[in-house]
Amino acid sequence: MDILLLVGVIVFVACAVLLKDMMKAAICLMVSSIIMGIIFFRLHAPYAGVFEISVIAGLVMVLFIMTISLIGGDADVKEPPVPIAVFIFLFLVFSLVVALKIPGLPIDQSRVLPIGSVKIGEVLWIRRTFDIIGQVGVIFAGVFVLLSVVGARRKNGK
Amino acid sequence: MVNNALHNGLAYTYTVFAMLFIGFYCIFTRRSMIRLLIGIEIISKAICLFIISGSYPQGTAVAQVLVITVIVIEVCVMAVGLGLVINAYRRSKSIDVRDFSNLKG
Amino acid sequence: MSNGSILLIPILLPVIAGIICYCIPDGLRKFRNVIALISGFALFLIVANFYKSGNLIYVSNWFFSTIVFSLKEDSFSRFILLWLSVFSFLITLYVSARMANERSREFITYLLITCGFACGAVLANSLLVLLFFWEGLLITLYLFICLGGKKSSHRTALKGFILVGFCDFCFILGVILYWRITGSFDFPDSPVALKGVGILSFSLMVLGATGKAGALPFHTWIPDAAIDAPVGFMAFLPGAFEKLIGIYLLVKICFNLFSLVPGSGASMGLMILGAFTIVIAVCMALIQKDIKRLLSYHAISQVGYMILGIGTGVPAGIVGGIFHMLNHAIYKSALFLGAGSVEQRTGTTDLKSLGGLYKEMPITGLCFIICSCAISGIWPLNGYISKEMIIDGCLETGYKIFAISAWLGAIFTFASFLKAMHSIFLGERNVSTPRVKEVGLPMLLPMIILALLCIIFGLFSSIPLVVISKFVPQGHMLHLSSHPLNLFNTVSGITILCLIAAFLLHRYGWLKNDRKPYLASEVVHNLPVIHTIYNLAERRFFDIYEQAIKFVKVFALALYYGFDRSSDWLYEKLVVESGIKMIKSLKSLHRGFISEYVGWIFIGMLVIAIFMFIL
């Protein structure tokens, strides 16, 4: 089951990269996000899964589709014929290296804790307050940039 | 489902790296700026998967918090990036990155 | 004032009088001259008083530091001080009348300050004190020459400063070496033997003393100063003062600091220096056409006689040398003052345009002729006595070559002074100069006094000789009665022959060159090899200062191009250009394609991963 999910993620991501139509690519990305969220749920990370689905599969995709419809006649001309074979070859080499040198992800059964032993609220707000501040800052930055970009439109055009 | 050990931790590693490679491929070879942003998106997803799968089976709060942070940042990056793409399109009617090399060197 | 602080007066009185004179404006010029004259006369009286009161010593601390400032006067210092005061008085008298329009305020100031410093140098009892006053004289030397007002005065002043300064520098080095030998800066009670480091110290000090007095090879500024400096200066410093204190220091070095043994290497060195100076300077003097340059070259040559005399080391030679110093001061000052009078009345010093002035300036002419005869060594004037004693001293050492050089000098001296006398005062009246009157009394009086001194010291030479032989080692062993006025021995016979030879030479040259007296020495000038040497010398080929200047110019150019320009090139051209090229080549790597940039990032990450995880 998990392998299927993983394979599904990879397939949809590859479609998102290789498809010529932007709309279809964005929708493939959205689907892969949803599958990713399911994987997160299965890995006992409900909050991450919720975030993933709601934010990425929702918000970012909306942004993408808005942009693509604004751009309209998309200019994706003349991709250079870089052979994918090179990348696949490199990937295989890399996998070999990884398989030989880096041990697998440490799944240590002896340290299994009951789920939810530490409250996520406590970690999020108290232990990682610095991250929250960073996120707030970045959100503000994003808002400002968008306002300036969009505001220019209002000034120039209609 | 709760106590199933996952099939193999290595599969997650391979998935993550495969997604990384696909994301890099996208950034390397695509000329449309929107495609570049898709590539960045893919890479961020790979990282999130890596963090979460690394914390199995605890489902540690720390890992989730990190992932939440990464997703928030990624959203802002996407928003800003798309705003810039729209602005660039308005200026020169093209979203080909090779047209925007005025500041090189 | 029995503790000896009266010794400070000869130093402070002229200096303070000089500063006061500097502050008096030109409108009160007569008042200023009176102050200078009074201070000179007072100095003379005070120094004469020393003869009564015996040896005085004054010791104190120098400006609240631990260096001891000690003054001492003994018989030799008293003697020199007396003559310093006499000369400064006489020249002040001369200058007060002459420089009516020129910068007499500064001249009188510098004159008085120089007198004060020279008195300090003579009175010093320790080498440090001596050095202090010695160096102070350099400054007034420079300032004096600058007063000349000619276009090249500053250049000559700098030349004099550097040459004499270099001599003083050698003297300082000698003093330091002497301190290494003896361990203190005071004059020792018994002199140090001359060996090892002492020889180096001795030669450096001698170089310093004789260079200041004006011997070879540091003499080249004096003829230039003769043209560029006021004539009062020429009478004052190169004529009188420098010889007095230079030879005073030389005697002190040879007999108080070190012990000069007759016949030793140092004595030979001094005598060779003296002989060279005599011959070379007098040959240069022979061909000069300007009276002031002629007189200055003779001043250099006469210093050679003094050094020769002192270098012999025998009492006859030493007494002769010191007496010659005194005589030279007397007649050279008188000659310079005479030339200055002629210049003031006629406006020129060129021998070509002067002639036959005896009728219009009789007293000046008479003094000039007396002093010319004195400097040539004509019996019975004082120059004859001192020259005889020097030649006797040379013969006592056993090397006849020095006596021969002294006789050669005598020939050419007399020939050149015959030329001078003939051209200026005797002979036909040259029509190119207007009719002139005799100069005023203040200018005549010093000349008359000095000429009279020449005659008196010639006829009654035992008076000064007895005084001098008191402070010369073993001087009391001299038989003074046998030398003066004694015509009937070989030495004086040869001298008289030399004088006659000079007279014949002059007459031959005069007749050969159209009876023009100023061309009388062209006979010697136009000899084949000598001619080229003379031309080179006149073009300053042998002048070490000029050659050093040329070398310094070349050296500076070499440094400029070698170091300065090349390091500039290195920093401004090489580094900058190569930097620009490197940056251009790096810039061309940035082509503006994002995929390439991502590729660079990827490769970088790979490299880091490899290094971190695998290696």
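Residues numbered from 1 in each chain as written. Chains lettered and ligands numbered in written order. Predicted model: local features only at pLDDT ≥ 70, side-chain atom pairs only at ≥ 80, totals over all residues. Heavy atoms only, no water.

A. Main features of the overall build of chain B. Looking only at helices and strands, one finds three helices and zero strands in chain B. Its helices and strands taken in sequence order, chain B reads α-α-α from the N to the C terminus. Relative to its 105 residues, chain B shows a buried fraction of 68%. The long-range fraction of contacts in chain B, counting pairs at least 24 apart against all pairs at least 6 apart in sequence, stands at 52%. (Helix = DSSP H or I, 4+ residues; strand = E, 2+ residues; numbered from the N terminus. Buried < 20%, exposed > 50% of the residue type's maximum accessible area, 1.4 Å probe, protein only. Contact = heavy atoms within 4.5 Å.)

B. How the structure looks around the overall build of chain A. The helix and strand inventory of chain A stands at six helices and zero strands. The N-to-C order of helical and strand elements in chain A reads α-α-α-α-α-α. Expressed as a percentage of its 158 residues, the buried residues of chain A come to 32%. Sequence-distant contacts in chain A: of pairs separated by 6 or more residues, those separated by 24 or more amount to 45%. Accessible surface, chain A: about 9700 Å² in total, of which carbon and sulfur atoms supply 75%. (Areas by Shrake-Rupley, 256 points an atom, 1.4 Å probe, with all protein chains shown as cover.)

C. Focus on the UniProt feature "transmembrane region" (unreviewed entry) in chain A. If you check UniProt for "transmembrane region" (unreviewed entry), the listed places come out as residues 47–72, 84–102 and 132–152 of chain A in our numbering. The span residues 47–72 of chain A carries 96% helix and 0% strand; its end-to-end C-alpha distance comes to 36 Å. (UniProt positions renumbered as here; feature names shortened; annotations may be inferred.)

D. Quick look at the pattern of salt bridges. Residue and element names in this part refer to chain C. Within the structure shown, the criterion is met by seven salt bridges over all chains. Between Glu-343 and Lys-292 there is a salt bridge, with the nearest N and O atoms lying 3.5 Å from each other. Taken as a pair, Glu-343 in helix 12 (residues 315–346) and Lys-292 in helix 11 (residues 291–312) lie far apart in primary sequence, 51 residues in all. Like Lys-292, Glu-343 is buried. The residue Asp-568 makes a salt bridge to Arg-565 at a minimum N-O spacing of 3.7 Å. Taken together, the positions of Asp-568 and Arg-565, both in helix 21 (residues 544–587) and three residues apart, correspond to about one turn of that helix. According to the relative accessible area criterion, Asp-568 is partly exposed, its value standing at 26%. Here the salt bridges do not stand alone but share partners, grouping Lys-159, Asp-224 and Arg-293 into one network. (Salt bridge = Lys/Arg side-chain N within 4 Å of Asp/Glu carboxyl O.)

E. Local environment of the UniProt feature "transmembrane region" (unreviewed entry) in chain B. Residues and elements named next belong to chain B. UniProt tags residues 12–29, 36–56 and 62–89 as "transmembrane region" (unreviewed entry). Its end C-alpha atoms 26 Å apart, residues 12–29 is made of 100% helix and 0% strand. The span residues 36–56 shows a helical share of 90% and a strand share of 0%, and its end C-alpha atoms are spaced 31 Å apart.

F. Representation of the packing of helix 4 (residues 104–123) of chain C against helix 9 (residues 231–257) of chain C. Residue and element names in this part refer to chain C. One way to put it is that helix 4 packs onto helix 9 with a least axis distance of 11 Å and a crossing angle of 5 degrees. Relative to helix 9, the element helix 4 is oriented roughly parallel. Two secondary-structure elements touch here, helix 4 through Phe-107, Leu-111, Thr-114, Cys-115, Ala-118, Ala-121 and Val-122 and helix 9 through Gly-232, Phe-233, Phe-236, Leu-237, Phe-241, Ile-245 and Tyr-248. Across the contact of helix 4 with helix 9, the residue classes tally to 12 nonpolar, two polar and no charged. (Axes fitted to C-alpha atoms, helices over the stretch in contact; angles between N-to-C directions. Parallel < 35°, antiparallel > 145°, perpendicular 65-115°, else oblique. Nonpolar A, V, L, I, M, F, W, Y, C, P; charged D, E, K, R; others polar.)

G. Summary view of the interface of chain B and chain C. In this complex, chain B contributes 10 residues to the contact, which on the side of chain C involves 12 residues. Carbon and sulfur atoms supply 78% of the area buried between chain B and chain C, which totals about 990 Å² over both sides. Our enumeration of links across chain B and chain C arrives at zero salt bridges. Run the count over chain B and chain C and you get zero residue pairs in polar contact (both at pLDDT 80 or more). Of the residues forming the side of chain B that touches chain C, the biggest block, four residues, is contributed by helix 1 (residues 9–29) of chain B. Here the residues of the side of chain B that touches chain C sort into six nonpolar, two polar and two charged. (Buried area = accessible area lost by both parts, 1.4 Å probe. Polar contact = N/O pair within 3.5 Å; in protein donor to acceptor, adjacent residues only side chain to side chain.)

H. Main features of the side chain of Ser-416 of chain C. Residue and element names in this part refer to chain C. Relative to the elements of secondary structure, Ser-416 occurs in helix 15 (residues 400–424). Overall, Ser-416 belongs to the buried group, its relative accessible area being 0%. Ser-416 has contacts with Ala-285, Leu-286, Leu-294 and His-298, leaving out every residue within four places of it along the chain.

I. Broad picture of unusual backbone geometry. Although it is not a glycine, His-44 of chain A sits at a positive phi angle of roughly 60 degrees. Mapped onto the fold, His-44 of chain A is located in the loop between helix 2 (22–42) and helix 3 (46–71).

J. Geometry of the environment of Tyr-534 of chain C. Residues and elements named next belong to chain C. Within the secondary structure layout, Tyr-534 lies in helix 20 (residues 528–538). Taking relative accessible area as the criterion, Tyr-534 reaches 4% and is therefore assigned buried. Apart from residues lying up to four places away in sequence, Tyr-534 is in contact with Cys-283, Met-284, Leu-286, Ile-287, Val-524 and His-525.

K. Spotlight on the environment of Ile-47 of chain B. Mapped onto the fold, Ile-47 of chain B is located in helix 2 (residues 33–54). Separated by 27 residues in the primary sequence, Ile-47 of chain B and Leu-20 of chain B have C-alpha atoms spaced 8.3 Å apart.

L. Representation of helix 17 (residues 462–471) of chain C. Residue and element names in this part refer to chain C. Among the residues making up helix 17, those that are buried are Pro-464, Leu-465, Ile-468, Ser-469 and Phe-471. Considered in projection along helix 17, the buried side chains sweep an arc of 155 degrees and stay on one side of the axis. For helix 17, the exposed residues lying more than 90 degrees away from the buried face are Ile-463 and Lys-470. (Arc of directions from axis to C-beta.)

M. Representation of the packing of aromatic side chains. Taken as a whole and judged by the stated rule, the model has 24 aromatic pairs over all chains. Arranged with centres 6.3 Å apart and planes meeting at 25 degrees, the rings of Phe-140 of chain A and Phe-144 of chain A form a pair that is stacked. Taken together, the residues Phe-140 of chain A and Phe-144 of chain A, both in helix 6 (residues 129–156) and four residues apart, mark about one turn of the helix. Measuring from centroid to centroid gives 5.6 Å for Phe-117 of chain C and Phe-133 of chain C, while their planes differ by 75 degrees, and the two rings are edge-to-face. You can see Phe-117 of chain C sitting in helix 4 and its partner Phe-133 of chain C sitting in helix 5 (residues 127–146), a full 16 residues away along the chain. Here the two residues Phe-117 of chain C and Phe-133 of chain C agree in accessibility, since each one is buried. Three or more aromatic residues joined by ring pairs form one cluster here, namely Phe-21, Phe-24 and Phe-28 of chain B together with Phe-602 of chain C. Cation over ring: Lys-93 of chain B sits above Tyr-89 of chain B, and NZ or CZ is 5.4 Å from the ring centre. (Phe/Tyr/Trp six-rings, centres within 6.5 Å; stacked < 30°, edge-to-face > 60°. Lys NZ or Arg CZ within 6 Å of the ring centre and 35° of its normal.)

N. Structural view of the nonpolar core. Phe-233, Ile-253 and Ile-322 of chain C are the most contacted members of the largest nonpolar core, which has 185 residues in total. The residue makeup of this core includes at least three contributed by each of domain 1 (1–170 + 219–233) and domain 2 (261–542) of chain C. Beyond its immediate chain neighbours, meaning those up to four positions away, Ile-322 of chain C contacts Phe-76, Phe-79, Val-251, Ile-468, Phe-471 and Val-472 of chain C. Counting residues in hydrophobic clusters, the runner-up holds 67 residues, among them Ile-34, Ala-46, Val-85 and Val-97 of chain B. (Core = buried A, V, L, I, M, F, W, Y, C linked by side-chain atoms within 4.5 Å. Domains from an automatic or database assignment.)

O. Focus on the confidence of the model for chain B. Residues and elements named next belong to chain B. With 88% of its residues at a pLDDT of 70 or more, chain B has an overall mean of 81. Least confident of the elements in chain B is helix 1, whose mean pLDDT is 83; most confident is helix 2, at 90. Counted against residues more than four places away or in other chains, residues 1–6, with its pLDDT under 50, gives 12 contacts. We note a pTM of 0.67 for the whole complex and an ipTM of 0.84 for its interfaces. (pLDDT = per-residue confidence, 0-100.)

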